[in-house]
Amino acid sequence: MRLAHSLVPTLKETPAEAQIASHRLMLRSGMIRQTSAGIYAWLPSGWRVLQKITRIVREEQDASGSQEILMPTIQSADLWRASGRYDAYGPEMLRIRDRHDREMLYGPTNEEMITDIFRQSVKSYRELPQMLYHIQWKFRDEVRPRFGVMRGREFLMKDGYSFDLSYEDAVVSYRRMMLAYMRSFQRMGLHAIPMQAESGPIGGNLSHEFIILAPTGESAVYYDAAFEEQDWLKSAFDYANPQDLESFFTQITTPYAATDEKHDAADPRWAGLAAERRREGRGIEVGHIFYFGKKYSEPMGLSIAGPDGKPLTPFMGSYGIGVSRLVGAIIEASHDDAGIIWPDSVAPWAAAILNLKQGDAACDAMCEAAYKALGAEALYDDRPERAGVKFADADLSGHPWQIVVGPRGAAAGRVELKRRASGERVELSLEDALAHIREGGLARAG
Ligand code: P5A
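Residues numbered from 1 in each chain as written. Predicted model: local features only at pLDDT ≥ 70, side-chain atom pairs only at ≥ 80, totals over all residues. Heavy atoms only, no water.

Asker: Would you mind showing me how to read helix α11 (residues 361-374) here?
Answerer: Each α-helix turn comprises 3.6 residues. Residues three or four places apart therefore point the same way. With 14 residues, α11 extends 20 Å from end C-alpha to end C-alpha; this agrees with the ideal 20 Å at 1.5 Å per step. Residues C363, M366, C367, A370, Y371 and L374 constitute the buried set of α11. Axial view of α11: buried residues confined to an arc of 135°, hence all on one face. Of the residues in α11, the exposed ones pointing more than 90 degrees away from the buried face are A361 and K372. Elements that come into contact with the buried residues of α11 comprise β19 (351-355), β20 (378-381), β21 (401-405), α13 (407-411), β22 (414-419) and α14 (430-439). Here α11 starts with a cap whose side-chain oxygen sits 3.2 Å from the backbone nitrogen of A362, and that cap is D360. Note on α11: the residue one or two positions beyond its end, G375, has a positive phi of about 60°. (Helix = DSSP H or I, 4+ residues; strand = E, 2+ residues; numbered from the N terminus. Expected span 1.5 Å × (residues − 1). Buried < 20%, exposed > 50% of the residue type's maximum accessible area, 1.4 Å probe, protein only. Arc of directions from axis to C-beta. Contact = heavy atoms within 4.5 Å. Polar contact = N/O pair within 3.5 Å; in protein donor to acceptor, adjacent residues only side chain to side chain.)

Pasting the structure below:
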């Protein structure tokens, strides 16, 4: 993308309303703009990050065997009456009336809707197990929307739902999702910890939150130091193998980790832990999974024919990832005083090309060549701005690589390549710079 004619409205000043780094940096780097309290428009760079996160989530969901669908944002109140949650959900639900005075709502989650779709179409035990997901906007009229996209009113969620014939099978589905979640977060450069959690308004008795440690996180958390040391994904686990899933689940849930609502100082795994291995901190909840058995399938009359012809009520679970919240969480985990430091996998563009002297024939030619070679993964800063402004904006926006083209270097056929994360810079030919970006490291530069 050429920056001169793009909507990337960076700000020099720190917006007064932003209390935490990610919110500040998202506003300052022009990723989002608030349109109402807790409701945001995603501008080009923010939207690109959101799409990259979405793509990772989708790839891991598909790999785990979950089927992608798309359900509407608007739901009928009747569905929620059938499950008994319509009144229980309270003022967080945005209730709407259509022109026929029918009660509708903007979905805060989709357990009822998916159960309804399932009960209309699935009739036999032979069709189970199944797992379905969608990536769709949700609305929760939060009392205190804050921290930008971290606690918005409208936000993007990946929500998945599992249907199984028995409790044992449902546990396998739950573990499969836990593995898919850990792989997704790892690909985004995040270190997530699955913690025993309360199930709240979703219900059920087995629940884990996926927490990214950050001092600005909203949840207080307690965990074993093992989570700072071990790479739980170092062995290969196969989604299709229940023993693999069990072994993964056992390894990752054996050390103690709990959010404050579930924290139990008397739990032997905590009480018996050496003081220097106990960790207390704060974290951001980027995902939450639930097993709730027949909580929705029973009251909503989801019944299928079992092997003996008798009706059978499926055991269900639901699985959520805060896709838009992740944008903020990744920034909380990866920034410095100058701005964002994007992990390569979710950066809006792999590289920024900084033309330090717009109009200089050698600079322009070299920048155009770089832009052509990198295609959609490049942001070309072709604005008629001073070099200092371009440097500051590139650091603020966090592009993993910067290709800096100045008149002296360009005349000699050289560019400067900067790695945002380490600050390392080297001068080399454009070809070598492009090769380093493609190979993903300055380490091999020589
Ligand atoms: C699981 C999927 C559910 O809603 N039903 C379908 C279950 N779980 S949850 O924990 O309530 O939400 C899932 C994830 O969504 C993110 N999230 C939010 N993100 C931004 N702003 C909000 N107001 C917000 N509320 C929830 C969290 O990451 C949460 O883990």
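So that's the structure; there's more coming.
Asker: Sorry if this is basic, but what is going on with the sheet that holds strand β6 (residues 103-106) here?
Answerer: Sheet strands pair via backbone hydrogen bonds, and the direction of the pair is either parallel or antiparallel. The strand order β4-β6-β5 describes an open sheet built from 3 strands, whose pairing is antiparallel. This sheet does not close on itself; its edge strands, each paired only once, are β4 (74-76) and β5 (94-97). The mean inter-strand angle of the sheet, taken between neighbouring strand axes irrespective of direction, is 40°. In terms of strand pairing, β4 meets β6 through 3 bridges, oriented antiparallel. The residue bridging Q75 from the neighbouring strand is L105, located in β6. (Pairing = 2+ DSSP bridges. Axes fitted to C-alpha atoms, helices over the stretch in contact; angles between N-to-C directions.)

Asker: It is not clear to me how the packing of aromatic side chains should be interpreted in this structure. Could you clarify?
Answerer: Pairs of aromatic rings are described using the distance from one ring centre to the other and the angle between the two planes. Counted by the stated rule, this structure contains 15 aromatic pairs. For the ring pair W80 and Y89, a centre distance of 5.5 Å and an interplane angle of 85° mean the geometry is edge-to-face. The residues W80 and Y89 share a single accessibility class, namely buried. Aromatic side chains F185 and F210 sit 5.8 Å apart centroid to centroid with 50° between the ring planes, which places their arrangement in the tilted category. You can see F185 sitting in helix α6 (residues 167-187) and its partner F210 sitting in strand β10 (residues 206-213), a full 25 residues away along the chain. Classification of F210 by relative accessible area gives buried; the value is 0%. (Phe/Tyr/Trp six-rings, centres within 6.5 Å; stacked < 30°, edge-to-face > 60°.)

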